[in-house]
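Survey of secondary and tertiary structure
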Amino acid sequence: MTKVKFCGIRREEDVLNVNRLLPNYIGFMFYSRSRRYVPPEEALRLKGLLDPRVVAVGVFVDEAQEKVADIVRSGTVSVVQLHGREDDAYIARLRELVDVTVIKAFGISSVDDLEKARRSTADLVLLDNGAGGTGVTFDWSLLRDIGRDFILAGGLGPDNVADAVEKVRPFAVDTSSGIETDGFKDGSKMERFMDVCRKHRNQDNYQRNSND
């Protein structure tokens, strides 16, 4: 069953909606140039309000490994998502500092991009539009032969996530702008997104049971 991640959580009301809807993951953005940036101390406060069934992910862009490790050690996040130029050497050094699950994001514009994602030593890869963070989908047909679990991102919202799950079969789907209105998380869009994903899960389970 495809898992769900809501990225860019930064307000208390966002967390309350998350606790009501229970996606599998949320993302705190620690890149200071992002409009969804949340300071580490505020993220820690929000984590304290988060339902423990939801996994908190820290999103970083070319951040020093020591700073990433400090945020992990604080208990704010248990998964690290890397969106910059971080390579396998960076990941290895981070793992020396702290025991953490690592997601590496790749912009997918070509088969070569997909091959880089396939070879990554990260625990999971996130596949996004080539530019990243644009709220625009990319050519999902490129993902046909990736050969490993991946998180699908890029332009996903309540109106197209069912199609994405059906066609691509990702490990998880990641959305941020697709559940926002005027730049802020929208509780009704978050609910619609979860409803669509849960409906697809139920249909998938029914089809599997019918085939047994």
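The written sequence of each chain sets the order in which its residues are numbered from 1. The predicted origin of the model limits local features to residues at a pLDDT of at least 70 and limits the giving and counting of side-chain atom pairs to 80 or more, whereas totals for whole chains, interfaces and linings rest on all residues. Side-chain calculation: all heavy atoms of the structure are included, whereas hydrogens and water are not.

**Notes on the overall build of the protein**
To keep it simple, the criterion reads: For the purposes of this entry, the term helix denotes a DSSP run of H or I that reaches at least four residues, the term strand denotes a run of E that reaches at least two, and both are numbered from the N terminus. In this description the radius of gyration comes from C-alpha coordinates, and the expected globular size is given by 2.2 Å times residues to the power 0.38. Throughout, exposure labels follow a simple rule: accessible area from a 1.4 Å probe, protein chains only, divided by the maximum for the residue type, with under 20% read as buried, over 50% as exposed, and the rest as partly exposed. Should any heavy atoms of two residues lie within 4.5 Å, those residues are considered in contact. For every accessible area listed, the method is Shrake-Rupley and the probe measures 1.4 Å; residues are considered covered only by the protein chains on display. In this tally, Asp and Glu contribute negative charge and Lys and Arg positive charge; neither His nor the terminal groups of the chain are included. In this description, the location of a charge corresponds to atom NZ of lysine, CZ of arginine, CG of aspartate or CD of glutamate.
Of the regular secondary structure elements, the protein holds seven helices and 10 strands. Against the 2.2 N^0.38 benchmark of 17 Å for 212 residues, the protein shows a C-alpha radius of gyration of 17 Å, consistent with a compact globule. The principal-axis extent of the C-alpha atoms belonging to the protein is close to 50 × 40 × 35 Å. Taken over 212 residues, the protein has a buried fraction of 50%. In the protein, of all internal contacts separated by at least 6 residues, the share reaching a separation of at least 24 is 53%. Total accessible area on the protein is roughly 10,300 Å²; 46% of this is exposed by carbon and sulfur atoms. Positive and negative charge centroids in the protein, built from 31 and 34 side chains respectively, lie 1 Å apart.

**Let's talk about helix α4 (residues 88-97)**
What counts here: Here, the arc refers to the directions that run from the helix axis to the C-beta atoms.
When α4 is considered as a whole, its buried residues turn out to be Y90, I91 and L94. The arc enclosing the buried residues of α4, seen along the axis, measures out at 95°, which places them on a common side. Pointing more than 90 degrees away from the buried face of α4 are the exposed residues A89 and E96. At its buried positions, α4 is contacted by α3 (65-73), β4 (79-82) and β5 (101-108).

**Things to note about the sheet that holds strand β8 (residues 172-175)**
Definition in use: Two strands are counted as paired when DSSP detects at least two bridges linking them. With axes taken as lines fitted to C-alpha atoms, and helix axes fitted only over the stretch in contact, angles between N-to-C directions fall between 0 and 180 degrees.
One closed barrel accounts for eight strands, arranged β1-β2-β3-β4-β5-β6-β7-β8; its pairing is parallel. Shown here is a sheet whose adjacent strand axes are inclined to one another by a mean of 30°, direction ignored. Judged from the two bridges that link them, strand β7 (residues 150-152) and β8 form a sheet pairing that is parallel. Counted as the bridge partner of L152 is V173 from β8.

**Observations regarding the pattern of salt bridges**
Note the cut-off: Salt bridges, as used here, are contacts in which a Lys or Arg side-chain nitrogen is within 4 Å of a carboxyl oxygen on Asp or Glu.
With the rule as written, the count across this model stands at 22 salt bridges. Note that D174 and K5 form a salt bridge whose closest N and O atoms lie 2.6 Å from each other. You can see D174 sitting in strand β8 and its partner K5 sitting in strand β1 (residues 3-7), a full 169 residues away along the chain. Comparing D174 with K5, the two get one shared label, buried. Where D62 meets R85, a salt bridge forms, and the shortest distance between an N and an O atom there is 3.4 Å. Linking D62 in the loop between β3 (55-60) and α3 with R85 in the loop between β4 and α4, this pair joins segments that are 23 residues apart in sequence. The exposure class assigned to D62 is partly exposed, which follows from its relative accessible area of 36%. What makes R85 exposed here is its relative accessible area of 74%. Each of R35, R36, E180 and K185 takes part in salt bridges that share partners, so that together they form one network.

**Some points on the pairing of β8**
Which entries qualify depends on this criterion: When the strands point away from the viewer and the connection leading from the first strand across the helix to the second strand turns clockwise, the crossover is called right-handed.
Side-chain alternation along β8 places A172 and D174 on one buried face and V173 and T175 on a second face that is also buried. Sheet topology note: the β1/β8 ladder contains four bridges and is parallel. Paired with V4 across the bridge in β8 is V173. In this view, the connection linking β7 to its parallel neighbour β8 by way of helix α6 (residues 161-168) has right-handed handedness.

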